[in-house]
Amino acid sequence: MTTSIYKKLERSLSFTITTVMIVILLITDVAIDTWVHGEFERAMYNKASLLTTLVDEDAGGVEFDFAGEFMPEFEGKGKADPEYYQLWRSGEVFERSDTMDLFSTTTFEHQKLIVGTKLIKEIILPDGRSGQILYYSFFPQVDSDDRADFQRLTERTGNEQKPMLLAYALSLEKLNFLTWLIDISFIVAAITVVIIVRFVVKRAVSSGLRPLEEFSESLIHISLADKTAEVTLKNKVVELLPIQDSINLFISDNRKLYLKEQRMTSDMAHELKTPVAELISLAEVTLKFPNDPTLSKTFTPDVLAIGKRLENVVSNIMLFHRYTNKTFERNDVFDLSQVIARLGEKMPQIQLKSQADMLITSNLFAFETIASNLLKNAVTYSPENSPIKVDIAALADKVIQLSISNVCASLLCNEDLQLMFDPLWQKDCSRTSTQNFGLGLSIVKSFTKALGGEIRAEMEDDIIHFRLSLPQ
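1. Re the sheet that holds strand S13 (residues 454-460)
The strand order across the open sheet formed by five strands is S9-S11-S12-S14-S13, and the pairing between neighbours is mixed. The open sheet is flanked by strand S9 (350-354) and S13, the only strands paired with a single partner. Averaged over neighbouring strand pairs, the angle between their axes works out to 15° when direction is ignored. Alignment of S13 against strand S14 (residues 463-471), held across seven bridges, turns out to be antiparallel. Counted as the bridge partner of isoleucine 455 is leucine 468 from S14.

2. Overview of helix H7 (residues 364-380)
For H7, with 17 residues, the first-to-last C-alpha span of 24 Å sits near the 24 Å given by 1.5 Å per residue. Residues Ala366, Phe367, Thr369, Ile370, Ala371, Ser372, Asn373, Leu374, Leu375, Asn377 and Ala378 constitute the buried set of H7. The distance from a side-chain oxygen at the start of H7 to the backbone nitrogen of phenylalanine 365 is 3.2 Å, and the residue carrying that oxygen is asparagine 363.

3. Comments concerning the sheet that holds strand S4 (residues 92-96)
Within the open sheet, the five strands sit side by side as S4-S3-S7-S6-S5. Their pairing is antiparallel. Each edge of the sheet is formed by a strand with only one pairing partner; in this case those strands are S4 and strand S5 (118-124). Geometrically, the sheet is characterised by an average inter-axis angle of 25° between neighbouring strands, direction not taken into account. Bridge count between strand S6 (residues 130-138) and strand S7 (residues 164-171): eight bridges; the pairing is antiparallel. The residue bridging leucine 134 from the neighbouring strand is tyrosine 168, located in S7.

4. Some points on the packing of aromatic side chains
Counted by the stated rule, this structure contains twelve aromatic pairs. Note on tyrosine 84 and phenylalanine 108: the rings are 6.3 Å apart at their centroids and 90° apart in plane angle, and the pair reads as edge-to-face. In this pair, tyrosine 84 is assigned in strand S3 (residues 84-89) and phenylalanine 108 in the loop between S4 and S5, connecting sequence segments 24 residues apart. Given the relative accessible area of 8%, phenylalanine 108 is considered buried. Aromatic ring contacts, followed pair by pair, group Phe64, Phe66, Phe74, Tyr85 and Tyr168 into a single cluster. Just above the ring of tyrosine 45 sits the side chain of lysine 118; from NZ or CZ to the centre is 4.6 Å.

5. Remarks on the pairing of strand S1 (residues 55-58)
Of the two faces of S1, the one carrying Val55 and Glu57 and the one carrying Asp56 and Asp58 are both buried. Where S1 hands over to strand S2 (residues 61-64), the hairpin turn is made up of two residues, counted between the paired strands.

6. A look at the nonpolar core
Grouped together as the largest cluster of nonpolar side chains are 39 residues, with contacts concentrated most on Leu336, Phe367, Leu374, Leu402, Ile404, Met420 and Phe466. Counting residues per element, this core draws most heavily on H7, at seven residues. When neighbours within four sequence positions are excluded, phenylalanine 466 is seen to be in contact with Leu374, Asn377, Leu402, Ser403, Ile404, Met420, Phe421, Leu441, Arg456 and Ala457. One finds Ala48, Phe74, Tyr136 and Leu172 within the second-largest nonpolar core, a separate group that totals 23 residues.

7. With respect to the side chain of glutamate 57
Checked against the element boundaries, glutamate 57 lands in strand S1. Within the structure, glutamate 57 has its side chain in polar contact with the side chain of glutamine 161 (distance 2.8 Å). Those residues in contact with glutamate 57 that lie beyond four places of it in its chain are Val62, Arg89, Pro140, Gln141, Val142, Asp143, Phe150 and Gln161.

8. Section: the environment of glutamine 351
Counting through the fold element by element, glutamine 351 comes out in strand S9. A relative accessible area of 43% means that glutamine 351 is categorised as partly exposed. Sequence separation of glutamine 351 and isoleucine 404 is 53 residues, and the distance between their C-alpha atoms is 9.6 Å. Those residues in contact with glutamine 351, other than ones at most four positions away along the chain, are Pro387, Ile388, Lys389 and Val390.

Procedures and definitions
Residues numbered from 1 in each chain as written. Predicted model: local features only at pLDDT ≥ 70, side-chain atom pairs only at ≥ 80, totals over all residues. Heavy atoms only, no water. Pairing = 2+ DSSP bridges. Helix = DSSP H or I, 4+ residues; strand = E, 2+ residues; numbered from the N terminus. Axes fitted to C-alpha atoms, helices over the stretch in contact; angles between N-to-C directions. Expected span 1.5 Å × (residues − 1). Buried < 20%, exposed > 50% of the residue type's maximum accessible area, 1.4 Å probe, protein only. Polar contact = N/O pair within 3.5 Å; in protein donor to acceptor, adjacent residues only side chain to side chain. Phe/Tyr/Trp six-rings, centres within 6.5 Å; stacked < 30°, edge-to-face > 60°. Lys NZ or Arg CZ within 6 Å of the ring centre and 35° of its normal. Core = buried A, V, L, I, M, F, W, Y, C linked by side-chain atoms within 4.5 Å. Contact = heavy atoms within 4.5 Å.

In structure tokens form, the structure reads like this:
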């Protein structure tokens, strides 16, 4: 299942940012609605408190000092939005606004409240609109000038001051309109936020991933055959620089493998072409001179020798590829000294130096192949009858080192030492040898790696050392 980084980033960022913004808008909407309702109720409390200050009581009774010209909303005149009030004393209607007489409903429902308490509830106003009514129970105020007379009157009569009930009502239309306006604004803002966030995130993600797209484009045109080709970012992005370096290293390594494979293919074709050409030449000469007794005697041995040479090349190539990048089972226990001594029985120039009981748990077939190729290589590329020193020693961390040293007939440079383990590599570019094909050391390296060991070549003056390290 394929996934898209672009779409995943776009969706996750859009969802996250949109959710955060909507939550903020929702909290803001609730806070504003609460504030508006609170301000509306506070305005009702203030207006009711103002009306209560107009109620005055003295020894002569209770008076309501109201002037409609200063509060036209209670008169129902002009363009003022009608509001309503009603006062009760001892359960009887004491006073009410002129707006109550404009409609069929001329009184509000009486409520019994403890003095000093307030009650707010929603009602249907006399004009039919939805509204809110505030009930407030209070004692009428007594002027300071009349307070002494009023107190003497209450003491003489034994009657306590009677509370009054105020009902103040007004329409909720403006409040509802404002709250609806706030809610609609919230919805519009939320939709706008979704659209803007979607657009901005899409642009931001597209812009942010553009270097990655350019990076992919540059990879498309990379060719391993081009020795100078590498990935180069036009815009240096910190996050992509490690990837660029890793890919360039990967390209470099694979280019080396590609060139090595090309060289190996070319060398393999050369190795196979030479004996095939020899077979064709022998066949053509024999056909041209069928009665030549010399050709008749040498034809069969020559064909056999060329066939064995072909068989040897193919067998070594198959052996190399068969065990490349594989691991040998290490179940055989044997003495390295005995194996080297046995392999060098027909090589008198070998001088073996070893510690006692050099036992190792490894793969006997693989080790014999490695040691045999190293010894043959030393005999082949050293002057005739020159000594070949073989040293076996135990190192730290349970590692045994086999060192084979011989005088090198041809001078080798550091590059040669690195290339000599490559398949079909030969120092002689003309490949004049008919016995050596450049596969022995490559098989040694492949088998050493499969045993978990290391092999390296070192040059000291005219002496070459092959050092093989294997786990014990």
